[in-house]
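Structural features, examined
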Amino acid sequence: VLHSPSHSPFFPPATASDILTRTESLLPQSEPFTHTIEVPLSPDIERTFDGAKDVRNIFHHKQSEPLHLLAAVLSQESSQYVELLREAGITREMVMERLRAAEGEEGE
């Protein structure tokens, strides 16, 4: 019988909501794209995806997960978004520790 480990959120819902609201206020407003247009990625986004792949590979995971992306964002040089996360008490070290703990749980 396979059982999946229960999901525990990385941060409390109130913190997540606050980060989302503050992040949305930092984003430039633009027109939505239709689903048929290929949107070019900014260099920052490409670096984040590449960084997430690197983190994923450290833990030998098959696919990138949100925590891989979060670790990649937090490894970037200071930006408004990184500062926002740090102000909420979220560090790359915390994310990596959670990924290490999850890796141990997968092996059980």
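Report follows, based on the coordinates. Computed from a predicted model, the values in this text were never measured in an experiment. (Residues numbered from 1 in each chain as written. Predicted model: local features only at pLDDT ≥ 70, side-chain atom pairs only at ≥ 80, totals over all residues. Heavy atoms only, no water.)

Running from amino to carboxyl end, helix H2 (residues 43-58) crosses helix H3 (residues 66-75) at an angle of 120°, the nearest separation of the two axes being 8 Å. Where H2 crosses over H3, the two elements pack in a sense that is right-handed. For the pair H2 and H3, the contacting residues are Thr48, Phe49, Gly51, Ala52, Val55 and Arg56 in the first and His68, Leu69, Ala71, Ala72 and Val73 in the second. Residues belonging to the contact of H2 with H3 are distributed by class as follows: seven nonpolar, three polar and one charged. (Axes fitted to C-alpha atoms, helices over the stretch in contact; angles between N-to-C directions. Helix = DSSP H or I, 4+ residues; strand = E, 2+ residues; numbered from the N terminus. Left-handed = near helix turned anticlockwise from the far one by under 90°. Contact = heavy atoms within 4.5 Å. Nonpolar A, V, L, I, M, F, W, Y, C, P; charged D, E, K, R; others polar.)

Here we take up the side chain of histidine 68. Residue position: histidine 68 is located in helix H3. For histidine 68, the contacting residues outside a window of four places in its chain are Ala52, Val55, Arg56, His61, Gln63 and Leu99.

Our focus in this paragraph is the environment of alanine 52. Summarising the element assignment, alanine 52 is placed in helix H2. Residues alanine 52 and leucine 69, 17 residues apart in the sequence, show an inter-C-alpha distance of 4.9 Å. Beyond its immediate sequence surroundings of up to four residues, alanine 52 is in contact with Ser64, His68, Leu69 and Ala72.

Its identity as a non-glycine residue notwithstanding, histidine 60 has a phi of 55°, on the positive side. Note that histidine 60 resides in the loop between H2 and H3.

Another aspect to go through is the side chain of arginine 56. Mapped onto the secondary structure, arginine 56 falls in helix H2. At 8.0 Å, aspartate 54 is the nearest oppositely charged side chain to arginine 56, a buried residue that forms no salt bridge. (Buried < 20%, exposed > 50% of the residue type's maximum accessible area, 1.4 Å probe, protein only. Lys, Arg positive; Asp, Glu negative; His and termini not counted. Salt bridge = Lys/Arg side-chain N within 4 Å of Asp/Glu carboxyl O.)

Here we come to H2. In a regular helix each residue adds 1.5 Å, so 16 residues correspond to 22 Å; H2 covers 23 Å between its end C-alpha atoms and thus fits that length. Taken together, the buried positions of H2 are occupied by Thr48, Gly51, Ala52, Val55 and Arg56. The buried residues of H2 occupy an angular sector of 145° when the element is viewed end-on, so they sit on one face. Just beyond H2, the residue with positive phi is histidine 60, at close to 55°. (Expected span 1.5 Å × (residues − 1). Arc of directions from axis to C-beta.)

Our next topic: the pattern of salt bridges. A full pass over the atoms with the stated rule returns five salt bridges. With a shortest N-O distance of 3.8 Å, aspartate 18 and arginine 22 are connected by a salt bridge. Here the residue aspartate 18 and the residue arginine 22 both occupy positions in helix H1 (residues 13-26), the gap between them amounting to four residues, near one helical turn. For arginine 22, a relative accessible area of 33% translates into the label partly exposed. When the shortest N-O distance is used, the salt bridge between glutamate 87 and arginine 22 registers 2.6 Å. Linking glutamate 87 in helix H4 (residues 80-87) with arginine 22 in helix H1, this pair joins segments that are 65 residues apart in sequence.

In short, geometric facts, not functional conclusions.
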